[in-house]
Amino acid sequence: MTAQNIYTFREDVLHQKAQPVDTFDAGLKTLVDDMIETMRVAPGVGLAAPQIGVPKRVIVVEFGDEYDETIPERLFVLVNPEIIQQSDDQIVGIEGCLSVPGLVGEVARAQAVTVRGQDQRGKKVTIRAQGWLARIFQHEIDHVNGVLYTDRTDRIWQPKDEDMDTI
Ligand code: NI
């Protein structure tokens, strides 16, 4: 596991649609391991492969609700993720992104989503998420589609305190 440099919005790879993964080999395992390490070192609660300069459709999410102990910290690895269902109701929340350092923005996201993808070995997985976890998945899946949260809002500012999860 090696923490990699995090690419910022200045790099083209953050604005391009990433390629699907069709080979579930040792190279993918190394990519996933590096992404997990990079996310933890940053620290962040999610990371997409383009954020370390790799234009592939892979995301990792590690999230536990510090205010709700009934939600344990859990690590998700999703290859070729897609949102197959989302709630009509949206919630406006404040997001920061590891690839947009020093800024946060107000973004409306679906309150709940169903996400489908594959695990590291290619097995199909489906995840239902709501609240912050649903927001993180939407943010990361945006990354593999070349979309940043700054593309979804005009309300962006420099926060006074940085005490929030970055995705
Ligand atoms: Ni991000």
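Details of the structure are given in the entry above.
Along each chain, residue indices are assigned from 1 in the same order as the chain's sequence is written. Only residues with pLDDT of at least 70 get local features here, since the model is predicted, and only at 80 or more are side-chain atom pairs given and counted; chain-wide, interface and lining totals rely on the full set of residues. Only hydrogens and water are set aside when side-chain values are computed; all heavy atoms of the structure are taken into account.

Moving on: the pattern of salt bridges. The term salt bridge refers to a pairing of a side-chain nitrogen on Lys or Arg with a carboxyl oxygen on Asp or Glu at a separation within 4 Å. This model, assessed by the stated rule, comprises eight salt bridges. One network of salt bridges, in which partners are shared, links Glu95, Arg109, Arg135, Asp142 and Arg152.

Sites may look incomplete, because water is not among the atoms used; the donor set itself consists of N, O and S atoms within 2.8 Å of the metal (3.2 Å for Na, K and Ca). Those donors, Cys97 (SG), His139 (NE2), His143 (NE2) and Ile167 (O), are the protein atoms that reach the nickel ion, and they lie 2.1 to 2.4 Å from it. Coordination at the nickel ion comes from four donor atoms whose angles at the metal span 87 to 160°, giving a geometry best classed as irregular. Considered as a linear motif, the donors of the nickel ion on their single chain read C-x41-H-x3-H-x23-I. Pair noted here: histidine 139 is in helix H2 (residues 131-144) and isoleucine 167 is in the segment after strand E8 (156-157), with a separation of 28 residues, a long-range link. Under this scheme a four-donor centre is tetrahedral when all angles range from 85 to 135 degrees, a four-donor centre is square planar and a six-donor centre octahedral when opposite donors are above 155 degrees with the rest from 65 to 115, and any other centre is irregular. Counting from the N terminus, the helices are the DSSP runs of H or I reaching at least four residues and the strands are the DSSP runs of E reaching at least two.

This brings us to the nonpolar core. As used here, the term nonpolar core means buried Ala, Val, Leu, Ile, Met, Phe, Trp, Tyr and Cys residues forming a set that is joined through side-chain atoms within 4.5 Å. The rule is simple: take the accessible area with a 1.4 Å probe, protein chains only, and divide by the maximum for that residue type; under 20% is buried, over 50% is exposed, in between is partly exposed. If you look at the biggest cluster of nonpolar residues, it comprises 20 residues, and the most contacted ones within it are Ile59, Val61, Leu133 and Phe137. Put simply, the parts of the chain that give this core at least two residues each are strand E2 (58-63), strand E3 (74-86), strand E6 (112-118), strand E7 (124-130) and H2. The element best represented in this core is H2, accounting for six residues. Those residues in contact with phenylalanine 137 that sit more than four places away from it in its chain are Ile59, Val61, Phe76, Leu78, Val115, Ile127 and Ala129. By definition in these notes, contact holds between two residues if any of their heavy atoms fall within 4.5 Å.

Each helix should span, by expectation, one fewer than its residue count multiplied by 1.5 Å. Taking 1.5 Å per residue as the helical rise, H2 with its 14 residues ought to reach 20 Å, and the 21 Å between its terminal C-alpha atoms agrees with that figure. Counting buried residues in H2 gives 12 out of 14 residues, a clear majority hidden from the surface. For H2, the set of buried residues is Leu133, Ala134, Arg135, Ile136, Phe137, Gln138, His139, Glu140, Ile141, Asp142, His143 and Val144. Positive phi appears at glycine 146, one or two residues downstream of H2, with a value of about 75°.

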